[in-house]
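Spelled out from the first residue to the last, the chains are:
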Amino acid sequence: MRHVVERHLGKVVAGGSLAVAATALLLAVTLPNQPDAGASSEPAGTASQDAVAPAGKVEAAPKEKEHGVGSDPLTDAETARAEAIALRGSGIGC
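Predicted model, so just to flag it, every value in this text is computed and none were measured.

Cut-offs used in this document
Residues numbered from 1 in each chain as written. Predicted model: local features only at pLDDT ≥ 70, side-chain atom pairs only at ≥ 80, totals over all residues. Heavy atoms only, no water. Helix = DSSP H or I, 4+ residues; strand = E, 2+ residues; numbered from the N terminus. Areas by Shrake-Rupley, 256 points an atom, 1.4 Å probe, with all protein chains shown as cover. Patch = residues over 30% accessible without salt bridge, like charges linked within 9 Å, V, L, I, M, F, W, Y side chains within 5 Å. Salt bridge = Lys/Arg side-chain N within 4 Å of Asp/Glu carboxyl O. Lys, Arg positive; Asp, Glu negative; His and termini not counted. Charge placed at Lys NZ, Arg CZ, Asp CG, Glu CD. Buried < 20%, exposed > 50% of the residue type's maximum accessible area, 1.4 Å probe, protein only.

This part is about the overall build of the protein. A count of helices and strands for the protein gives 2 helices and 0 strands. Within the structure as shown, the protein displays about 9,100 Å² of accessible surface, and the carbon and sulfur contribution to it stands at 62%.

What follows is the structure, given as structure tokens:
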């Protein structure tokens, strides 16, 4: 029994060390390479909001296209095209 435990224990230790090495490599690759990253960090919520456009810089929304009637969002042309495609079939398995 002792021999079996020693064999498996070595495999567990080797697997654990491999996992630690892979994690260290992953962190080294993904984290930014900034030596003073901790000194210049800002508290949460104080970062500038570059993703939001300032007032007066927003583009107008495009004009809406033709819609269907009632709860059907398809126009008559789109419905006719869908029916033609359904009647024609996909051609798979024919």
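Together, M1, V5, L9 and V13 make up a nonpolar patch on the protein surface, roughly 450 Å² of accessible area in all. For L9, the location among the structural elements is in helix α1 (residues 2-30).

Together, E66, D72, D76 and E78 line one region of the surface with negative charge. Here D72 shows up in the loop between α1 and α2 (76-88). A residue is classified by how much of its surface remains accessible, and D72, at 35% relative accessible area, is partly exposed.

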